[in-house]
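# Descriptive analysis of the structure
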Amino acid sequence: MLLFFTLGLLVHFVFFVSIFDIYFTSPLVHGMTPHFTPLPPPARRLVLLVADGLRADSLYELDENGNSRAPFLRNIIMHEGSWGISHTRVPTESRPGHVALIAGFYEDVSAVAKGWKENPVEFDSLFNESKYTWSWGSPDILPMFAKGASGDHVYTHSYDAKKEDFGAHDATKLDSWVFDNVKDFFHAARNNQSLFSKINEEKIVFFLHLLGLDTNGHAHRPSSRDYKDNIKKVDDGVKEIVSMFKHFYGNDGKTTFIFTSDHGMTDWGSHGAGHPSETLTPLITWGAGIKYPQKVSAQQFDDAFLKEWRLENWKRRDVNQADIAPLMASLIGVPFPLNSVGILPVDYLNNTDLFKAESVFTNAVQILEQFKVKMTQKKEVTLSFLFTPFKLLSDSTQLNILRKARSYIKQKKFDEVVSLCKELIHLALKGLSYYHTYDRFFLGISVVTGFVGWTSYASLLIIKSHSNLIRGVSKEVKKPSHLLPCSFVAIGILVAFFLLIQACPWTYYVYCLLPVPIWYAVLREFQVIQDLVASLLSFPLSHFVGYLLVFTLGIEILVLSFFYRYMLTAGLIAFAGWPFLTQLWTRAKITSLSWTFFSLLLAVFPLMPVVGRKPDISLVMGAGLLLLLLSLFVVTSLMKRKGSFIKEELLVHGLQMLSTVLSMYVVYSTHSSLLKKQGLPLMNQIVSWATLASSLVVPLLSSPVLFQRLFSILLSLMSTYLLLSTGYEALFPLVLSCLMCVWIYIEQETLQQSGVSCKQQLTSIQFSYNTDITQFRQLYLDDIRRAFFLVFFLVTAFFGTGNIASINRVFCNQKIMQIGISIPFILIPFVLVMCAFEAVQLTTQLSSKGKMNYLRSIGFHFFFLVKDYGSWLDIGTRYSIYSRASLISGDIISHYVIVMSMTIFLVFLNGLAQLLMTKKLRLCGKPKSHLI
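Predicted model, so just to flag it, every value in this text is computed and none were measured.

### Some words on the overall build of the protein chain
What the protein chain contains, in helices and strands, is 36 helices and 8 strands. Buried positions account for 56% of the 932 residues belonging to the protein chain. Long-range pairs, those at least 24 residues apart, make up 80% of the contacts in the protein chain with a sequence separation of at least 6. With an accessible surface of roughly 40300 Å², the protein chain has 62% of that area assigned to carbon and sulfur atoms.

### Description of the confidence of the model for the protein chain
Per-residue confidence for the protein chain gives a mean pLDDT of 82; residues scoring 70 or more make up 81%. Segment residues 769-774: pLDDT under 50, and 1 contact once partners within four positions in sequence are set aside and those in other chains are kept. Confidence drops under pLDDT 50 across residues 926-932; counting only partners more than four residues distant or on other chains, this segment forms 15 contacts.

### A short note on the pairing of strand E6 (residues 255-260)
Burial runs high along E6: 6 of the 6 residues are buried. Judged by which residues are buried, E6 turns out to be covered on both faces: Thr255, Phe257 and Phe259 on one side and Thr256, Ile258 and Thr260 on the other are all buried. Taken together, the 6 bridges between strand E1 (residues 45-51) and E6 define a ladder with parallel strand orientation. Within the sheet, the bridge partner assigned to Leu48 lies in E6 and is Ile258. As paired strands, E6 and strand E7 (residues 280-287) are joined by 5 bridges and run antiparallel to one another. Its bridge partner being in E7, Thr256 is matched across the sheet by Gly287.

### Let's talk about the sheet that holds E7
Spatially, the 8 strands line up as an open sheet ordered E4-E3-E5-E1-E6-E7-E2-E8, and their pairing is mixed. With one partner strand each, in any of the chains shown, strand E4 (154-158) and strand E8 (319-320) form the two edges of the open sheet. In the packing of helix H3 (residues 71-79) onto the sheet, contacts are made with strand E2 (82-87), E6 and E7, and the angle to E7 comes to roughly 65°.

### Focus on unusual backbone geometry
In this structure, Arg310 takes a positive phi of about 55° despite not being glycine. Look at Ala503: it is not a glycine, yet its phi comes out positive at around 55°. Among the structural elements, Ala503 can be located in the loop between helix H18 (483-501) and helix H19 (506-513). We classify Ala503 as exposed; its relative accessible area is 57%.

### Considering the packing of aromatic side chains
For any two aromatic rings, the description comes down to two numbers: the centre-to-centre distance and the angle of the planes. A complete count under the given rule lists 58 aromatic pairs for this structure. Measuring from centroid to centroid gives 5.8 Å for Trp134 and Phe185, while their planes differ by 50°, and the two rings are tilted. In this pair, Trp134 sits in strand E3 (residues 132-137) while Phe185 sits in helix H7 (residues 172-189), placing the two residues 51 residues apart along the sequence. Note on accessibility: Trp134 and Phe185 belong to one class, buried. Sitting above the plane of the Phe361 ring, Arg406 keeps its charged end 4.5 Å from the centroid.

### Some thoughts on the pattern of salt bridges
Summed over the entire model, instances satisfying the criterion amount to 17 salt bridges. For Arg55, the salt bridge is made with Asp267, and the minimal N-O distance between the two is 2.8 Å. Remark: Asp267 occurs in the loop between E6 and helix H11 (276-279) and Arg55 occurs in the loop between E1 and helix H2 (56-60); sequence separation between them is 212 residues. Between Arg406 and Glu358 there is a salt bridge, and its shortest N-O distance comes to 3.0 Å. Of the two residues, Arg406 sits in helix H15 (residues 395-410) while Glu358 sits in helix H14 (residues 353-380), which places them 48 residues apart along the sequence. For Glu358, a relative accessible area of 9% corresponds to the buried category. What you see here is one network of salt bridges that share partners, running through Arg55, Asp57 and Asp267.

### Observations concerning the environment of Thr362
Following the sequence through the fold, Thr362 ends up in helix H14. Considered as a pair, Thr362 and Pro34 are 328 residues apart in the sequence and their alpha carbons are 9.8 Å apart. Other than its neighbours up to four places away in sequence, Thr362 contacts His35, Phe36, Thr37, Pro38 and Phe336.

### Details of the side chain of Arg565
Secondary-structure assignment places Arg565 in the loop between helix H22 (541-563) and helix H23 (566-577). Salt bridges are absent for the buried Arg565, whose nearest opposite-charge side chain, Glu729, sits at 9.2 Å. At 3.4 Å, the side chain of Arg565 forms a polar contact with the backbone oxygen of Phe605. A distance of 3.0 Å separates a polar side-chain atom of Arg565 from the backbone oxygen of Gly800.

### Comments concerning the packing of H7 against helix H10 (residues 225-248)
Across the interface, H7 lies against H10 with an axial gap of 10 Å and an inter-helix angle of 10°. Classified by the interaxial angle, the pair formed by H7 and H10 is roughly parallel. Contact residues: H7 offers Thr172, Asp175, Ser176, Phe179, Val182, Lys183, Phe186 and Ala189, while H10 offers Asn230, Lys233, Val234, Gly237, Val238, Glu240, Ile241, Met244, Phe245 and Phe248. Grouping the constituent residues of the contact of H7 with H10 by class yields 10 nonpolar, 4 polar and 4 charged.

### Some remarks on the packing of helix H26 (residues 617-639) against helix H29 (residues 706-723)
The interhelical angle for the contact between H26 and H29, taken along N-to-C directions, is 160°, at an axis separation of 11 Å. It follows that H26 is roughly antiparallel to H29 by the angle criterion. Crossing geometry of H26 relative to H29 is assigned as left-handed. Residue-level inspection shows Val620, Ala623, Gly624, Leu627, Leu630, Ser631, Val634 and Leu638 of H26 in contact with H29, the latter providing Gln708, Phe711, Leu714, Leu715, Met718 and Leu722. Tallied by class, the residues present in the contact of H26 with H29 amount to 11 nonpolar, 3 polar and no charged.

### Remarks on the nonpolar core
Grouped together as the largest cluster of nonpolar side chains are 78 residues, with contacts concentrated most on Trp595, Trp743 and Phe793. Here this core takes 12 residues from helix H33 (residues 823-844), the largest share from any one element. Excluding anything up to four places from it in sequence, Trp595 contacts Phe575, Ala576, Trp578, Pro579, Leu739, Val742, Trp743, Ile746, Phe789 and Phe793. Ile102, Leu142, Leu331 and Leu368 belong to the second largest nonpolar core, which has 66 residues in total.

### Some details on a nonpolar patch on the surface
Together, Leu536, Leu541, Phe544, Val545, Leu548 and Leu549 make up a nonpolar patch on the protein surface, roughly 550 Å² of accessible area in all. The element best represented in the nonpolar patch is H22, accounting for 5 residues. Structurally, the position occupied by Phe544 is in helix H22.

### Let's talk about helix H21 (residues 526-537)
Across its 12 residues, H21 extends 16 Å between first and last C-alpha, which sits within 8% of the 16 Å expected from 1.5 Å per residue. Among all positions of H21, only Val528, Asp531, Leu532 and Ser535 are buried. Down the axis, H21 shows its buried residues gathered within 100° of arc, on one side only.

### Here's the deal with H15
With 16 residues, H15 should cover 22 Å at 1.5 Å per step; its first-to-last C-alpha distance of 23 Å lies within 8% of that length. Taken as a whole, H15 has its buried residues at Gln398, Ile401, Ala405 and Ile409. Down the axis of H15, the buried side of the element spans an arc of 75°, and every buried residue falls inside it. Opposite the buried face of H15, by more than 90 degrees, sit the exposed residues Asp395, Arg403 and Lys410. The inward-facing, buried residues of H15 abut H14 and helix H16 (414-436). Backbone geometry just downstream of H15 places Lys412 in the positive-phi region, at approximately 60°.

Conventions adopted
Residues numbered from 1 in each chain as written. Predicted model: local features only at pLDDT ≥ 70, side-chain atom pairs only at ≥ 80, totals over all residues. Heavy atoms only, no water. Helix = DSSP H or I, 4+ residues; strand = E, 2+ residues; numbered from the N terminus. Buried < 20%, exposed > 50% of the residue type's maximum accessible area, 1.4 Å probe, protein only. Contact = heavy atoms within 4.5 Å. Areas by Shrake-Rupley, 256 points an atom, 1.4 Å probe, with all protein chains shown as cover. pLDDT = per-residue confidence, 0-100. Pairing = 2+ DSSP bridges. Axes fitted to C-alpha atoms, helices over the stretch in contact; angles between N-to-C directions. Phe/Tyr/Trp six-rings, centres within 6.5 Å; stacked < 30°, edge-to-face > 60°. Lys NZ or Arg CZ within 6 Å of the ring centre and 35° of its normal. Salt bridge = Lys/Arg side-chain N within 4 Å of Asp/Glu carboxyl O. Lys, Arg positive; Asp, Glu negative; His and termini not counted. Polar contact = N/O pair within 3.5 Å; in protein donor to acceptor, adjacent residues only side chain to side chain. Parallel < 35°, antiparallel > 145°, perpendicular 65-115°, else oblique. Nonpolar A, V, L, I, M, F, W, Y, C, P; charged D, E, K, R; others polar. Left-handed = near helix turned anticlockwise from the far one by under 90°. Core = buried A, V, L, I, M, F, W, Y, C linked by side-chain atoms within 4.5 Å. Patch = residues over 30% accessible without salt bridge, like charges linked within 9 Å, V, L, I, M, F, W, Y side chains within 5 Å. Expected span 1.5 Å × (residues − 1). Arc of directions from axis to C-beta.

Take a look at the structure:
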C-alpha cells in the first residue's frame, strides 16, 4: 500500500511539472548578432521615467474642476511631444512590464517557476546595449537588469526594501527619494571628473523607477486622494528633473524623455489580469528625435477616451508595450535588444524618411535573425525526414523580401520599405512561435498516455480489492507469459533510442518512458479487465448510460466551476434538493432540512464579489461573535452531561474562546492602525503568530469523541481565519463546518437506507489512530456519489470566497502576507472538509482511494486547455466583459496547477486530518476515560 501511494505521488508530480516543459519553456534564443541603425541618432542620452502602477485614465483625465492632475505632462502633450496609450499584455505585473519596456519582449514564461523578481534565463536589454546606464528606484526592479548586463556599465541606486511597507509610511516618499537622489547625483558629478566625463558620453540611459503610485494604489485604491496627490507629486518631480537636465547639459537639445508605466491598476487596487484599467498605460515622449504635437480634426479609435480626456484635437499614437524598446534604441543609436519582438513605432520619430526606413529595416533583420537561430536549433536536434520547416518564411522568401526592401531604400520608396519590413516582422514572429511549440504535440501525447494509464491502473486496483463487480465471473488463472514484459522492454528501448539520437533533454525521457511501465501494469491486470467488462455487459444498457451521463455531468460541473463560480451555487442548490429525491426525507426529516438549509446558505458565497468590494470589519466581528455564542452553547450542552466534561477539556475550550476574542481584537486594532497609516502594531504580529502556531496543536488536547474533536478543530482554525478576513468570508468556515456536520449524519442515514449495518452511534464514536483496515467494506455505486461530494466540497472550499487572485484583499495583515502567512487562508477550509470526510470514512467504513479519480479527470480536462500566454492572477472569476474576453492561459495553467496540487496534497491533507482527529495530547496527569 505504501509503495502504491509513493508511486502515485511520483507519477502525479511528473504530470504536474510536465506543463512547464510542454507549455512554459523559455522562448528566448541566443547567438544573434547585434544590429543598429547605420545613421547618426538624434539623441545622445535618454531619460526613461516609469511610474509603476499608473493608469492611463488617471493621468490623462481632468479633475472635477476641469484641471489636469499633471499640468506639466499635459503641457508636454499639447506643445512639445507625442503621446498615446501603451497597451500592455497580461500578466500585468512589474517584472514582465519592465522586461517588455526595456528588453522588448513579453514576459519570460519560464519565470513562473521562480516568480517575477528573478531572471531564470539571460536576456539582452536596452541597458546592456547602452554605453552607460544609471538607475534609481525599487530594489525589486533595478537588479533584474544589472544582473544580466555584460561588463560593469549598469549602475543601480536603490532604497531599503523596508521602505516599501505601504501600511506604515507615506508612499510618495519613495518617489521623492528617487528625485532627490538624481539631483544629488548630478550635483556630485560636477565635482567628480570621472563621473562627469561618463555622463557626457553618448548612448547613455537614465532610468527613474517611481513606485509610489503602485504602492498607494494597493493601499488606498486609484480613486483615493492619496493616489491622485501622488500623480501631482510625480508631475512636479518630472518637471524638476527635466529642468535640471536642460540646465546641466546647456539645453543642447540632445536629450530624449520617455514617460510611461509598466502596468495599470483596477479600481480595487490590484493588477495582474487583463482589465483595460490594468493594460492601458500612458506614454508621453518629448525631446530629441520625437515628433512635435500634431493637431487633428478627427481621430478614429474604438473607445471614447479622447473626448473624456479632452485630447481629441491632439494626435494620439498607440503602441504595444514592447514597441517602446526599439523606439528607445533607435533614438540613441544603440543595437536593438537581441531578444526584442517589438515593432518600431516610426510615427513617433521626428527624422528623415531614410532614417525611419533604415531603422525599420534593422528592426526586421534583428527579429528575423532570432527566427533563423530558432530554426537552426530545432533542425539540429530533429531527424531530417521528420523535420517540417515553417513554410511561410523559407530561405528564398527571406532573401526576396530583404533584397526588395534594400532596393526600395535605394529608390527612396520609404513607405514601401516600412510596409514590407513590417510584413517580414510578422512572418518572423509567427515562425518563432511555430518552432517554439514544435515538440508540444509529441510531448502532450506522451503525458496524456501516461495520465490515462495511471488512472486506469488505479481504477483497476480499486475494483480488484474493494468491489464485488467481478464476483461470480471466476476464470482459471493462466500462467504468466514472457511475451508481455519482453514487448514492453522492446518498446522502452525503441523510445529511448529515438530520444537519444535527437539529443532530447532528460525530462523528455521521463515523459515518454513513464507510460511504458504504467501500461504494462495495466495489461497485467487483464483478468480484472475481462471480469469488469463481463460485469458491465450484464448491466442493463439504460442504467449503464444513465450512470455514465451522471458521472460525466458531475465532472463537467466541477470543471466549469473553475471558470464560473456560480456553477458552485448551482451544484449546492442541486445538493439541497437531493434528500427529497430519495427516501432520506421520510427517514430523517430534521437532518434533511438541515442539509437543505446549510447547502442553500453555502450557495450564497460563490455569488458574492471576490474583488472590488470595500472591507467590512463588522462582518468579521459578527462571525467572531457567532463563533463565541456557538462555543457557549456547545460547552453548556456538554457540561450538562454528567461526567462527560472534565476540567482539562473545559480549560481547552476556554483557551480557544480566548483566542477567538484576541483575534477579533487584532483585526479591529489593525484595521484602525492601518487607516491612520501607523502600520501593523508589534503586539498584533506576536498575537497573530501565536494564534497560527497554536491552531494545529490545541485541538489535540480536546476529547477524541467525534463531534467534540471536530468542534475543537473549528474553534482553533477559525481564530487564524478571522485574522486574514476583511468581510463576509469570515462567515464561510462556519457555514461550511455546519454543512460538514450534517453531511456526517446524512451519510450514515444513506448507509442504513442501503442495508449496510452501522456498528456505532455517532455520539459514541471515538477516533483511534490505528484504524483496522478490515473494517472497510466493499464499495457500492453510492460511494461514487460520496467521492464526488468530497471533491465538490474541496473545490467549494477553494473557490467559495474567491481565489488566489483575491488574496490581495486581505490588507489587514499585509506585512504578514509578505512572508506567506496567507497560506492558511487557503488551507483552513480544506482541512475542515478533510476532517469531516475522515469522520464519514470512519462512520461508513469507506475506503478513501476512489476520490482521486475525480481529480485526475478534472486535471485531464485542464491539460488540454493550457496555453502559454495570459493572466496568472485572474483565476476562476469573470467580473466583466473584458475579463471574459481574456479567457486565456493564466486561468488554465492556474486551474491545472490547482487540480494537480490538490491531487498530490490530498494525501498530505488526509494525513493532517487523521492527526487532528485521532491524536490525543494531555496537559498533565494520567489519561482519563471519556464517558458518553
